[in-house]
Amino acid sequence: MSGDGGAMSWLAPYYPWLKTLHILSVIAWMAGMLYLPRLFVYHAGSEAGSPTSETFKTMERRLYRAIMVPAMLATWLFGIGLAFTGIVVWTAFWLYAKLLLVAAMTWLHTVFGRWQRAFAADTRPHGAGFYRAINEVPTLLLIGIVILAVVKPF
Ligand code: HEM
């Protein structure tokens with residue numbers, strides 16, 4: 001631990017557990033961020049009001065509300081906890097670059113929530129091709145965030 005001792009360095013002994021819980025939350029959140037747009041691809045191709053569309057509505061609502069929202073909140077909670085254990089060198093740029101990409105991921109999460117509610121109201125905001133392209137965005141953000149978090153290049 002090479003940080004500045006941290007405002008809440010009483011958290012320092014919990015660093016390994018905070019990082020474990022942080023990474024587990026990240027895995028759950030990213031599973032949803034990669035899967036939900038895939039559901040939108042197929043949902044966009046189904047007829048509004050059809051049994052298939054109703055099944056997709058249930059899957060999307062449960063994935064978003066029961067997995068993605070709690071996992072995102074837990075990722076932030078344990079990430080902020082980690083940031084205050086005294087390990088982070090606040091002059092190092094990697095955390096700020098990472099938080100910029102995490103802010104983009106969090107914004108995208110809220111956009112997915114808006115689309116989930118639109119599908120639930122039987123509207124089709126975009127076509128299947130649009131969601132197939134959007135599906136790549138969380139993947140690219142994830143790659144950038146993990147490189148910054150592990151390699152800490154600057
Ligand atoms: C939500 C806000 C987030 C905050 C405040 C945050 C903060 C942190 C901090 C302070 C560490 C400890 C770094 C170290 O041990 O040197 C860390 C580790 C890590 N974070 Fe985050 N993080 C956040 C979100 C994310 C997201 C969204 C991902 C992946 C998509 C992620 C992936 C990781 C990984 C893989 C590590 C372990 C790095 C290592 O062991 O070297 N974090 N995070």
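In the block above lies the structure referred to throughout.
Residues numbered from 1 in each chain as written. Predicted model: local features only at pLDDT ≥ 70, side-chain atom pairs only at ≥ 80, totals over all residues. Heavy atoms only, no water.

Undergrad: For this particular structure, what's the right way to read the nonpolar core?
TA: As a rule of thumb, nonpolar side chains are buried together in soluble globular proteins. Within the largest apolar cluster, 25 residues are counted, with the highest numbers of intra-cluster contacts made by Met 33, Leu 36 and Phe 112. Broken down by secondary-structure element, the contributors of at least two residues to this core are α1 (15–44), α2 (51–83), α3 (94–120), α4 (128–134) and α5 (136–151). Broken down by element, this core gets its largest block of residues, eight residues, from α1. Leave out the neighbours within four places in its chain, and Leu 36 touches Glu 60, Leu 63, Tyr 64, Met 68 and Phe 112. With five residues, the next largest nonpolar core counts Leu 11, Leu 18, Phe 78 and Leu 82 among its residues. (Core = buried A, V, L, I, M, F, W, Y, C linked by side-chain atoms within 4.5 Å. Buried < 20%, exposed > 50% of the residue type's maximum accessible area, 1.4 Å probe, protein only. Helix = DSSP H or I, 4+ residues; strand = E, 2+ residues; numbered from the N terminus. Contact = heavy atoms within 4.5 Å.)

Undergrad: What exactly am I supposed to notice about the layout of surface pockets here?
TA: Vacant regions in the atomic arrangement are exposed by a probe of water-molecule size rolled over the atoms. In this structure, the largest pocket occupies an estimated 690 Å³ of space. Lining the largest pocket are 28 residues, with His 22, Leu 82, Trp 94, Lys 98 and Ala 149 sitting closest to its centre. Counting only elements with at least two residues in the lining of the largest pocket, the list comes to α1, α2, α3 and α5. The dominant element in the lining of the largest pocket, judged by the number of residues it contributes, is α1, at eight residues. (1 Å grid on protein atoms, 1.4 Å probe; cavity = no way out; pocket = protein on both sides within 12 Å on 5 of 7 lines; lining within 4 Å. Points joined across faces, edges and corners; volume = space filled by probe spheres on them.)

Undergrad: I tried to follow the coordination of the iron atom of the ligand on my own but got confused; where do I start?
TA: Four donors placed tetrahedrally around a metal ideally meet at 109.5 degrees, and six donors placed octahedrally ideally meet at 90 or 180 degrees. Protein-derived coordination of the iron atom of the ligand comes from His 22 (NE2) and Lys 98 (NZ), at a distance range of 1.8 to 2.1 Å. Around the iron atom of the ligand, the six donor atoms sit at angles spanning 84 to 178°, and that spread fits a shape best called octahedral. Taken together, the residues His 22 in helix α1 and Lys 98 in helix α3 connect sequence positions 76 residues apart. There is no split in this pair, since His 22 and Lys 98 are both buried. (Donors = N, O, S within 2.8 Å, 3.2 Å for Na, K, Ca; no water. Tetrahedral: all angles 85-135°; square planar, octahedral: opposite > 155°, others 65-115°.)

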